[in-house]
Amino acid sequence: GAVVSQHPSWVICKSGTSVKIECRSLDFQATTMFWYRQFPKQSLMLMATSNEGSKATYEQGVEKDKFLINHASLTLSTLTVTSAHPEDSSFYICSAQGADTGELFFGEGSRLTVL
Amino acid sequence: DAKTTQPTSMDCAEGRAANLPCNHSTISGNEYVYWYRQIHSQGPQYIIHGLKNNETNEMASLIITEDRKSSTLILPHATLRDTAVYYCIVRSPHGGTASKLTFGTGTRLQVTL
């Protein structure tokens, strides 16, 4: 099956620093990628939708200046958490939509801990 | 908002069939029913999807009612490794932002010995 890879799988950073998470579709082209956040014992919450070559569409309540999303190619999207604070600690998950079939595949997730 | 309702949790004995129900009474004509599962601290895993006909693959079977307002995911022989949160989602696979997956609370399936 299609593979979506996220990196890093986990990261610990100091408060005030910025952290970049990469999401790659390894064997297919993804015109659209989605970024989710999941807090402990909660469901996945959609943060934003990114289409290759255009600005991301953010869900209500998600700060676009804090969560920078770049989708520069058909196989790579990045999420940068700027000036991270402890409340940003969460499990971040990306999904990529195949250009041909429209099917969605998920990455393994990236766990961010902000001290 | 999620368009589906599922029981919060279910138990199943290992080796028995696990039947997970889902209500999606407001599903529209071009929306499919998708099932994903999430094992602790991992990304969601695709299981199966269907439009109106019943579907079967190596992981599970999907039974969709004739009026498409509800469906059931069947794991024919549950194992301990099937313990996970199962999400039922309705989605149109094509259409940019309209094709996004909106997760509800899912059903936490606990498979026991």
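In case you missed it, the structure is sitting above this.
Let me sum up the structure you'll find in this document. Sequence order sets the numbering: in each chain, residues are counted from 1 along the sequence as written. All chains are assigned letters beginning at A, and all ligands numbers beginning at 1, according to the order in which they are written. Only residues with pLDDT of at least 70 are given local features in this predicted model, and only at 80 or more are side-chain atom pairs given and counted; all residues enter the totals for whole chains, interfaces and linings. Only hydrogens and water are removed before side-chain values are computed, so all heavy atoms of the structure are retained for them.

1. Here's the deal with the state of the cysteines
Stage number 1. Our working definition of a disulfide is a cysteine sulfur pair at a distance within 2.5 Å. This structure, assessed with the given rule, holds two disulfides over all chains.
Stage number 2. Paired by a disulfide, Cys-23 of chain A and Cys-94 of chain A hold their sulfur atoms 1.9 Å apart. Judged by the sign of its S-S torsion, about 75 degrees, the cystine formed by Cys-23 of chain A and Cys-94 of chain A is right-handed. Residue Cys-23 of chain A is found in strand E3 (residues 19-25), and its partner Cys-94 of chain A is found in strand E9 (residues 90-98); the two are separated by 71 residues along the sequence. Of the two residues, Cys-23 of chain A and Cys-94 of chain A, both sit in the buried class.
Stage number 3. Shown here is the disulfide that connects Cys-22 of chain B with Cys-88 of chain B, its sulfur atoms set 2.1 Å apart. In this structure the cystine formed by Cys-22 of chain B and Cys-88 of chain B twists about its S-S bond by roughly -80 degrees; its chirality is therefore left-handed. Note that Cys-22 of chain B is positioned in strand E2 (residues 18-23) and Cys-88 of chain B in strand E8 (residues 84-91), a separation of 66 residues in sequence.
Stage number 4. Residue Cys-88 of chain B is classed as buried on the basis of its relative accessible area, which comes to 0%.
Stage number 5. For Cys-13 of chain A, which is in no disulfide, the shortest distance to another cysteine sulfur is to Cys-94 of chain A and amounts to 19 Å.
Stage number 6. With no disulfide of its own, Cys-12 of chain B lies 18 Å from the sulfur of Cys-22 of chain B, the closest cysteine sulfur. Where helices and strands are cited, they refer to DSSP runs of H or I of at least four residues and of E of at least two residues respectively, numbered from the N terminus. Exposed residues in this analysis have more than 50% of their type's maximum accessible area, buried residues have under 20%, and partly exposed residues fall in between, with area computed by a 1.4 Å probe over protein chains only.

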